[in-house]
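Observations on the model geometry
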Amino acid sequence: MGKIILTGDRPTGKLHLGHYVGSLRRRVELQNSGQFEKIFVMIADAQALTDNADNPAQVPELCELAFYYMNLVTVQRLQRNPTVKAEIQLRGFAENNAEEEETAAQQRPGTPVGFFTYPISQASDITAFRATTVPAGEDQEPMIEQTREIVHKFNSVYGETLVEPEILLPDNAACLRLPGTDGKAKMSKSLGNCIYLSDSADEVKKKVMTMFTDPDHLRVEDPGKVEGNTVFTYLDAFSRPEHFPKYLPDYASLDELKAHYRRGGLGDVKVKRFLIAVLNETLEPIRERRRYFEQRIEEVYAVLRTGSEQARREAAQTLNDVRRAMRIDYFEDGELIASQAEAYKNKA
Ligand code: TRP
């Protein structure tokens, strides 16, 4: 059996450069690498419902799988999931105990059960397509770990049925967690520090010009720090050797540029101008594709529909395997029917 990729996003907002370097760019590379038999990229709309209950879902097989997996995971294990913990904090949900719910329910809403169990539904997303490989960011590591545990448990209780997936993290530190334009740890819509894939060249320019650099690099002559300097982190993530002759021919490579900055005598504005050119070159083909498909929305829906139908067939196949392994495929199980008939015959 070949290797299979599954990954996805919640449809909860515009995509930004953090998504791009963390996962989107990699998906295209992997898709074209010829190393994978199949690749599934899902719009995780059912998962998006778990803290935002107002949108419809698509592949119902995933819900049924999740429902079976629920019996293989303890409440305590979910409570220990670091991503779930962090997100409960972030959203200000009340803790998962009944007493607090009684006293503090008025001030803080409780945790929706669907939200609490979303690692299980994510496990069904991944296993439904027999994914071997999940390209995703660091924050998804606990989810993949939880999925592996469910697979392990399922296979040991019901026999070898499900495939254990592995996470595929970005290979470059700058891509692993791209900071926001303000230098904060992460690009996030709520912090207002994002560069979106849909931003115009002008918006990109404005955002880069106000970007956080080295606060001690006051005059051009001063030596500057490259570590923790957002502009250089972005260059680590986006610049390629061919950008230098094109946009900054005085330097042969990023290492040379960094060395000059460290020595002193290189101003922020020059480096920022270079970054603007690099980002806009990277984003232009994406903007062009967006403009193209914005004028072809029907075609977009047709692609999504075909993909969903294909995905549903795959998931249904896995669900059949799961039901058979659990011996709840009563109507397909001739042996079961015959043995039941026999047992009652002998009673008569
Ligand atoms: N949890 C992911 C996120 O918040 C989205 C997601 C849903 C996903 N199902 C998945 C990612 C399966 C990888 C594999 O971004």
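A brief structural summary. Fair warning: this is a prediction, and the values are worked out from it, not measured in the lab.

1. Looking at the site of the ligand
Taken together, the residues surrounding the ligand are Leu-6, Thr-7, Gly-8, Arg-10, Met-42, Ala-44, Gln-47, Gln-122, Asp-125, Ile-126, Val-134 and Gln-140. Contacts to the ligand include Gln-122, whose side-chain N or O atom sits 2.9 Å from a nitrogen atom. Within the side chain of Gln-140, an N or O atom sits 3.1 Å from a nitrogen atom of the ligand. For the ligand, whose free accessible area comes to 370 Å², the fraction covered by protein is 88%. When contributions to the shell around the ligand are tallied by element, the ones reaching two or more residues are β1 (3–9) and α8 (118–128). Partitioning the shell around the ligand into residue classes produces five nonpolar, five polar and two charged.

2. Considerations on the packing of helix α12 (residues 230–238) against helix α14 (residues 254–263)
Packing of α12 against α14 brings their axes to within 11 Å, and their N-to-C directions diverge by 170°. With respect to each other, α12 and α14 are oriented roughly antiparallel. Contacts between α12 and α14 pair Phe-232, Leu-235 and Asp-236 from the former with Leu-254, Leu-257, Lys-258 and Tyr-261 from the latter. Across the contact of α12 with α14, the residue classes tally to five nonpolar, no polar and two charged.

3. Overview of the packing of aromatic side chains
The final tally for this structure, using the stated rule, is twelve aromatic pairs. With a centroid separation of 5.5 Å and an interplanar angle of 55°, the aromatic rings of Phe-115 and Tyr-118 are classed as tilted. Here Phe-115 and Tyr-118 have matching classes, each one buried. Of note, Arg-10 hangs over the ring of Tyr-118, and the distance from its end group to the ring centre comes to 4.6 Å. Positioned above the aromatic ring of Tyr-196, the side-chain terminus of Lys-14 is 4.4 Å from the ring centre.

4. So, the pairing of strand β2 (residues 36–43)
As judged from the seven bridges shared by β1 and β2, these two strands associate in the parallel manner. When the bridges of β2 are listed, Thr-7 appears paired with Val-41. Taken together, β1, helix α1 (residues 17–32) and β2 form a β-α-β motif whose crossover is right-handed.

5. Concerning the pattern of salt bridges
Applying the stated criterion to the full structure yields 26 salt bridges. Residue Glu-138 is joined to Arg-177 by a salt bridge in which the shortest nitrogen-to-oxygen separation is 3.3 Å. On the criterion of sequence distance, the pair formed by Glu-138 in the loop between β3 (133–135) and α9 (141–158) and Arg-177 in the loop between α10 (173–176) and α11 (201–209) is long-range, its members being 39 residues apart. On the basis of relative accessible area, Arg-177 is assigned to the partly exposed category, the value being 42%. A salt bridge links Lys-270 to Asp-250; the nearest nitrogen and oxygen atoms lie 3.7 Å apart. Linking Lys-270 in helix α15 (residues 268–294) with Asp-250 in the loop between α13 (243–247) and α14, this pair joins segments that are 20 residues apart in sequence. Look at Asp-250 and you get exposed, because its relative accessible area is 59%. Salt bridges sharing common partners tie together Arg-240, Glu-242, Lys-246 and Glu-281.

6. Topic: a nonpolar patch on the surface
On the surface, Ile-43, Ile-297, Tyr-301 and Leu-304 cluster together into a nonpolar patch covering about 390 Å² of accessible area. Of the residues forming the nonpolar patch, the biggest block, three residues, is contributed by helix α16 (residues 297–326). By the element assignment, Leu-304 lies in helix α16.

About the cut-offs
- Residues numbered from 1 in each chain as written.
- Predicted model: local features only at pLDDT ≥ 70, side-chain atom pairs only at ≥ 80, totals over all residues.
- Heavy atoms only, no water.
- Near = heavy atom within 4 Å.
- Polar contact = N/O pair within 3.5 Å; in protein donor to acceptor, adjacent residues only side chain to side chain.
- Areas by Shrake-Rupley, 256 points an atom, 1.4 Å probe, with all protein chains shown as cover.
- Helix = DSSP H or I, 4+ residues; strand = E, 2+ residues; numbered from the N terminus.
- Nonpolar A, V, L, I, M, F, W, Y, C, P; charged D, E, K, R; others polar.
- Axes fitted to C-alpha atoms, helices over the stretch in contact; angles between N-to-C directions.
- Parallel < 35°, antiparallel > 145°, perpendicular 65-115°, else oblique.
- Contact = heavy atoms within 4.5 Å.
- Phe/Tyr/Trp six-rings, centres within 6.5 Å; stacked < 30°, edge-to-face > 60°.
- Buried < 20%, exposed > 50% of the residue type's maximum accessible area, 1.4 Å probe, protein only.
- Lys NZ or Arg CZ within 6 Å of the ring centre and 35° of its normal.
- Pairing = 2+ DSSP bridges.
- Right-handed = clockwise from strand over helix to strand, strands pointing away.
- Salt bridge = Lys/Arg side-chain N within 4 Å of Asp/Glu carboxyl O.
- Patch = residues over 30% accessible without salt bridge, like charges linked within 9 Å, V, L, I, M, F, W, Y side chains within 5 Å.

Functional significance is not addressed by these values, which are geometric in nature.
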